[in-house]
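An overview of the molecular structure
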Amino acid sequence: MYSKPVKIAVIDNDKIYQIITSKLISKIDENIKVLEFLDGIYAYESLSEQLGESWPDLLLLDIEMPIMDGWEFLESFLILQKKSNKSIPIYMVSSSIAPDDRIKANSYSEVNGYLEKPLNLEVIQKILEEQELL
Amino acid sequence: MKLNNRKMKWLSVVVIILVIITVAFMRFTIKEEERSNLMNFYLLNTKERVEQTLRNSYTTCLTIAMTINDQGEPENFEEVARELLKHNTEVDIIQLVPQGIIQYVYPLEGNEAALGYDILGKTISPSISIEAQKTKDENRVLFSGPLPLIQGGTGIVGRIPVTKNNKFWGFSAVVIKMSTFLEVTGISSWENEKYNVQFSKINPISGEEVFFIENNQRPDTCKHVKSDLTNEGWRLYIIEKNNTDFIYELFLEALFLLTILLFLLRAVNQFFKKSDSLEKTIIIQNQKIIENEKLFEAIFNEAAIGILKMDVKNQNILLANHHVCSMLGYDRDHLLNICFSELCLSEKSECDTSELQKIRDKKLKYFTSEKQFKHNNGSLIWVNLSVTGLTNVQNEVDHYLVIIENINERKIVEAKNEEIRKRYESLFHDSPVPMWEEDFSEIKSYLNTLQIKGFSKHEVENYFYDNLHILQNCIEKLKIIEVNRACLFLHDASSKEELLKNISTIFPESAIDAFVQQLVCIHFNELHFSSETTTLTLDGTLKYINFRWNVMRGYEDTYGRVIITTEDITENKNQETLIISSQEKISSLLNDIDGIVWECEGDDFKSVFVSEKVKAILGYSTQEWMADYNFWQNRIHPDENESIVKEFYKRCNKDENFTQEYRIKAKDDSYVWVRDYVSVTLKEDKVRSVRGIMVEITKFKEIQEDLSKSHEILFNQNKRLLNFSHIVSHNLRSHSSNILAISHLIEKTSCPDEKEEYYLMIKDVADQLNHTLGNLNQLTVGNPENEINKSQLSLYQAIEEAINNQKQVISNIDAVVQNTVTNDVVISFNDAYFESIVYNLLSNALKFRNPNKRCEVIFRAERIKNAIILEIEDNGLGINLEGNKKDKLFNMHRVFHRTISSSGLGLFMVKNQMEAMGGTIDVETKVGIGTKFILTFSL
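Let us look at the structure shown here. (Residues numbered from 1 in each chain as written. Chains lettered and ligands numbered in written order. Predicted model: local features only at pLDDT ≥ 70, side-chain atom pairs only at ≥ 80, totals over all residues. Heavy atoms only, no water.)

Comments concerning the overall build of chain B
The helix and strand inventory of chain B stands at 29 helices and 31 strands. A buried classification covers 41% of the 939 residues belonging to chain B. Long-range pairs, those at least 24 residues apart, make up 56% of the contacts in chain B with a sequence separation of at least 6. Of the roughly 54100 Å² of accessible surface on chain B, a fraction of 52% belongs to carbon and sulfur atoms. (Helix = DSSP H or I, 4+ residues; strand = E, 2+ residues; numbered from the N terminus. Buried < 20%, exposed > 50% of the residue type's maximum accessible area, 1.4 Å probe, protein only. Contact = heavy atoms within 4.5 Å. Areas by Shrake-Rupley, 256 points an atom, 1.4 Å probe, with all protein chains shown as cover.)

Focus on the pattern of salt bridges
Residues and elements named next belong to chain B. A complete count under the given rule lists 41 salt bridges over all chains for this structure. The salt bridge partner of aspartate 639 is arginine 663, with a shortest N-O separation of 3.7 Å. In this pair, aspartate 639 is assigned in helix α21 (residues 638-652) and arginine 663 in strand β22 (residues 658-665), connecting sequence segments 24 residues apart. Taking the relative accessible area as the measure of exposure, aspartate 639 reaches 63% and is therefore exposed. Between glutamate 661 and lysine 701 there is a salt bridge whose closest N-O contact spans 3.1 Å. Of this pair, glutamate 661 sits in strand β22 while lysine 701 is found in helix α22 (residues 698-748), placing the two residues 40 residues apart along the sequence. With relative accessibility at 12%, the residue lysine 701 sits in the buried group. Among the ionic contacts, a cluster of salt bridges with common partners joins Arg860, Glu871, Glu873, Glu924 and Lys932. (Salt bridge = Lys/Arg side-chain N within 4 Å of Asp/Glu carboxyl O.)

Describing the sheet that holds strand β16 (residues 479-483) of chain B
Residues and elements named next belong to chain B. An order of β16-β15-β19-β18-β17 is seen for the 5 strands of this open sheet, with the pairing classed as antiparallel. Both outer strands of the open sheet, β16 and β17 (528-536), are each paired with one neighbouring strand and no more. Put simply, the sheet's adjacent strands are angled 30 degrees from each other on average, direction ignored. Two elements, strand β18 (residues 542-551) and strand β19 (residues 562-568), share 7 bridges in a ladder whose sense is antiparallel. Across the sheet, arginine 548 pairs through a bridge with threonine 565, a residue of β19. The sheet strands contacting helix α16 (residues 512-523) are β17 and β18, and the helix crosses β17 at an angle near 155 degrees. (Pairing = 2+ DSSP bridges. Axes fitted to C-alpha atoms, helices over the stretch in contact; angles between N-to-C directions.)

Focus on the packing of helix α11 (residues 441-449) of chain B against helix α13 (residues 468-476) of chain B
Residue and element names in this part refer to chain B. Where α11 contacts α13, the axes come no closer than 9 Å and their chain directions differ by 150 degrees. With respect to α13, the element α11 is oriented roughly antiparallel. Contacts between α11 and α13 involve Ile443, Tyr446 and Leu447 from the first element and Ile470, Asn473 and Cys474 from the second. Among the residues forming the contact of α11 with α13, the class breakdown is 5 nonpolar, 1 polar and no charged. (Parallel < 35°, antiparallel > 145°, perpendicular 65-115°, else oblique. Nonpolar A, V, L, I, M, F, W, Y, C, P; charged D, E, K, R; others polar.)

Section: the packing of α13(B) against α16(B)
Residues and elements named next belong to chain B. The N-to-C vectors of α13 and α16 enclose an angle of 75 degrees; their axes lie 11 Å apart at closest approach. Comparing their axes, α16 and α13 come out roughly perpendicular. Taking contact as the criterion, the partners of Leu471, Cys474 and Ile475 in α13 are, on α16, Ile512, Phe515, Val516 and Leu519. Partitioning the contact of α13 with α16 into residue classes produces 7 nonpolar, no polar and no charged.

Thoughts on the sheet that holds strand β8 (residues 224-229) of chain B
All names here are of chain B. The strand order β7-β6-β9-β8 describes an open sheet built from 4 strands, whose pairing is antiparallel. Lying at the two open borders of the sheet, with one neighbouring strand each, are β7 (209-211) and β8. When strand polarity is set aside, the average angle formed by the axes of neighbouring strands in this sheet is 30 degrees. Direction of pairing for strand β6 (residues 195-202) relative to β7: antiparallel, over a ladder of 3 bridges. When the bridges of β7 are listed, isoleucine 202 appears paired with glutamate 209.

Thoughts on a negative patch on the surface
Taken together, the side chains of Asp594(B), Glu696(B), Glu702(B), Glu705(B) and Asp706(B) make up a negatively charged region of the molecular surface. Within the secondary structure, Asp706(B) is located in helix α22. (Patch = residues over 30% accessible without salt bridge, like charges linked within 9 Å, V, L, I, M, F, W, Y side chains within 5 Å. Lys, Arg positive; Asp, Glu negative; His and termini not counted. Charge placed at Lys NZ, Arg CZ, Asp CG, Glu CD.)

Some points on the pairing of strand β5 (residues 167-177) of chain B
All names here are of chain B. Among the 11 residues of β5, 8 are classified as buried, and the element is accordingly described as predominantly covered. Alignment of strand β1 (residues 93-98) against β5, held across 6 bridges, turns out to be antiparallel. Bridge pairing in β5 places proline 98 opposite glycine 170. In this structure, strand β4 (residues 154-164) lies alongside β5, joined through 10 bridges in antiparallel fashion. Directly across from valine 157, in β5, lies its bridge partner valine 175. The turn linking β4 back onto β5 is made up of 2 residues, and asparagine 165 within it adopts a positive phi angle of 55 degrees.

Regarding the pairing of strand β1 (residues 7-11) of chain A
Consecutive side chains of a regular strand alternate in pointing toward one face of the sheet and then the other. Residue and element names in this part refer to chain A. With 5 of its 5 residues buried, β1 lies for the most part within the structure. Burial of the side chains of β1 extends over both faces: Lys7, Ala9 and Ile11 are buried on one face and Ile8 and Val10 on the other. Note: β1 against strand β2 (residues 33-37), 5 bridges, orientation parallel. By the bridge assignment, isoleucine 8 is partnered in β2 with valine 34.

Structure representation (C-alpha cells):
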C-alpha cells in the first residue's frame, strides 16, 4: 500500500511506556515501524544525523526526561527542521495533567497536539488517521 | 578854666612832693637822734660804772696810804689790805711803793715778782715809768695802764703819791687786773644786739690810740659815740654793730612814703580827670536837650501814633498831632475845639471819667483802655488810649496827655483768633475721641533727678519695676490741664472735677507696663508715644484703650503741654480676644491631632502652616519645617522620592483628594513611614492651597512587612509543596497510566501468551512504582517538623564530618579535599539537612571529576552582611548550562552527564533543603574547568 513503511518515533525515558506504545501501534498496523528513544538527546542525535528523507513520520514526545527534556528537544528540533526544510507532526505526550504544560504545548504552532498518558488504541488510531498515515 | 585846672593839678603835685620830702627828712632826723640818744645813754651808763670803780680804787689807795706812820713805816699793812680787799672786790692787789720800789704787796701769793720792782727805773714798758713819774710830778692820783704787770697779765694801776713830812715817800697803789676791771665795769659782760663797747687809751709815748677789747670792732668807720675818762687818755666808745638794720628801717620808711606819694598823685590825677569829664557831660547834655527838643517835636508831629493834650477841667483838646487828625478824619482846627468825650462812643466813656479823676488827684499815674472812636465819616475805630497826667510848676495835674493807638486791625485779628480758638476748643471738647491736655514737666524734671543717667532703655525699665514707689510719685506729679467730654464719658465721670479728684483710681495694675514704657519714653526725650493699655472707669469697669500722646510744639524740652488721646478700643479688644481664643482653640486642636497637619499655598507651594506634631513625629521644629522651602521634597526616601514628588504635583493640579505613602527622613536620620492625606483647593484652575495630614504608619508598615515576609515564606513553601505534589503526581501518574495502558491491552487481547506478557509488565511497573515511592520517601520536602528543628552548627565541624563519611571514595580516586572554613563560623541549620547537602555536593564533585586531572575540591566560607556564604568548588567536568538549563539543574530527575549514572535527585534535594531552611543555592560552572556551588545561609 505504501511505498515506504510508516515510522513513528517515540521519545520517552519510560521503558514500559515504550513497550506499551509499540504494542498499541503494532495492533493498529503491524507495518508501522516504531523508533524508540530513551531520552531527547538520543532522538536529537539520531535525527540530526539523517537530515530530512529518512526522518520518522510522527513524533510522540514526552516532556520529563533526565538529560534533554521534551521542551529542550523541541527547541533544538525546530531549528533542525527549519534547516532540513521538512516538517513532521509532533505530539507531546505526558503523564502531567498540569495545565501549564498543555498551554505551553499549544503555544508552539509546530506541535500538533498534547496527549495525556495513558495512550490507548483509539487515541493513536485517531492521530494516525489525522496525519493520514493509515 | 581848663588851664586853671591843669595848673591846680601841677601845683598840687609839687606841694605833695615837697611835703613828702619834708616828712621824710624829719623822719630821718628823728630816727638818727633816737639812735644817738640810745648810744649816749649806753655810753654814760658805762662811763658811770668805770668812774665808780676808779673812785673805789682811789678810796682804797687812800686808805692803805693811811697805814704809813710818821716814820714812814706802814703799820698793819697786811690786816688793812685784807680788810680793804674784802670790801672792794674790784681791786686785786694792794701795794705800797716807797721810793718807787714795790715793797709791800697784798696778797703776796702769785705777786712775788712785783717785790723789789722799781717802777721809776727801767720798767718792762717805758710807759710805766713815765706814768709813775707823771704821778710823782703832778702829785695827784693817777690811773695808769692798762700796762703789762711784772708778775704777768695786764692791769690798771692807780697810784697816789704819798708825802711824809713834805717829802715824797712813795706811792700807795692798787692794781686792778684788766679782766677784773672789764668785769666790774660791765664791759666784759656787755650784751647788746645793736651796739658794742670799746675801750682805748692814747699811748703817752707814741700818742697812738690803743684799743683793749680786742674782740669788739674799732670805731673807725662805724657810727659811734665816745667819751674821755679822767685825764689819763682813756676813752670809752659805744659803737653800732652794723648799720644795715638802720638802713633797712630807713628803706621801709622811704618805701612807705613813696607809696603814699604815688597814691596821692593818683588821687590828684583822678580828681582832676573826673572834673574834666563832668564838664564834658554838661556840654553833651546841653546838645542832647536841644536835639531831644527837636526830636520830640518831630515825633509829636510825625509819630505814627496819635498824641493829644487836653485840659483837665473841661477835657478840651489843646494839642493834637497829625496822626490823630488823619486817624479820625478831622482837621486839626476842628479837633481842637471839641471835647474829648465827643470822640468816644458814649456808653463806655463813663468809667474813664473816674479814671481821669484819679489821675487828676494823683491817685493814679496813668491808665490805658481800649475804646471805639467815631471817625468823621461815621465809622467806628478801635483805639488803645494811654492817659497820663502832666504837672505844672505847682506840681498840680493841669493837663492830660493822651496817646491814641489805632488797634482796629489788631482787634479784627483778635476777633478772628477768638473764633479760631473757639473752634479748636470745640474740636477738643466735642471730639469723639477722649482727649487730655496734660503737663508732664514735673515728671520730666523728677526723672532728671533720678540716678538713671546713662542707663539703657532696658535698664531704665527694670529700674522702674524695681522701684514701684517712683511710679506712684510720677502718677502724683501728673498734671491734667484739660479733658474733653468724650474723656468724661470714657471714665463715666459727670464732670472734669470729679474725674480729676479720682484720677488715681483710673490706673489699673495692668496699665503699669504702658506707664513704665511712657516714662522711659519721656526719659529718652521721645516726643510721641503709643501703646495699647487699660484704664478704669470711676466705677471700676476695665476699658481697653489705645493710648497715644504727642508733645505740643514749643514744649519739647519741658514736656509742659502734651496732648493725649485715649481711644476706647474695648469693643475691638473683646472681639480680638474672641478671635484669638478661637484661633488658639483651632491651633490646639490642630496640634493635638495625631499627625502632622500642614498647609502650603500658591503656585510655588510655599509652606504656611505646620502643626507642632512635627516635633513628636519627625523631631524637627515647626520653624525648621517652615524655613526650608524644600523641606518635604528633600526628606523623602530616595527610593520613592521622584515618584512621590511627581505624583504629588500632578494630582495637586487636578483638584482632588489623594493619599500617598512614603518614607520621610526624621531628624535622627531614621526613616519614618507616613501616610499623607492630601486635599487640594483650586480657584480658577490654579492651586490656591494644599492641606494635608501626615499620619505615621511606621508600625503599620512594619507589621505589613512582617506579614508580607511571612506571606513570602508561606508562598515559597507552598510553591515547593506544589512543585513536589506536581512531581509526585507526575511520577505516580506515569506509573498509573502505564498500568492503565497495560490493562487496556489485556482487555484487547485474547491471546493467553500475550496476556502473560502484560502481567509481567505490570509487575515491572509495580517495581518501578515501589522504587519511585522509595525515592519520594527520601524527599521529605517542606516537612514542618524538620524545619523547626534548627540548631547551631559549626560549619567547619559539619564539613569535616561529611568529608570523613566519603573518606574511602576520596582515597580511592586520590582526590584532594580542602576545608578552609575557620572554626568560628556558626550557622543555624538542621544538621541532617546540612549533612545531606554537603554529602550530595561532595559526591557530585567526586563523581563528575575530570578524568584527566587530579580531583580537587575546596570548601570556602565567608561572611557577608547578614549572611554566611559557603562555596564548594571543584575542578571537575563542569556542566553545560547554555539556554535556560540553569533553572533545570536543580529539578528532579535531571541528568547532565550521560556517561555517568545519576538519579537526578541529589541537587533537587539540596535545593529544597536549602530553601526550607531559608537559604539559597546558586551555581557557577564552565565545561572542562569546574563547578562552584554557592550556598547562602541567612543569619
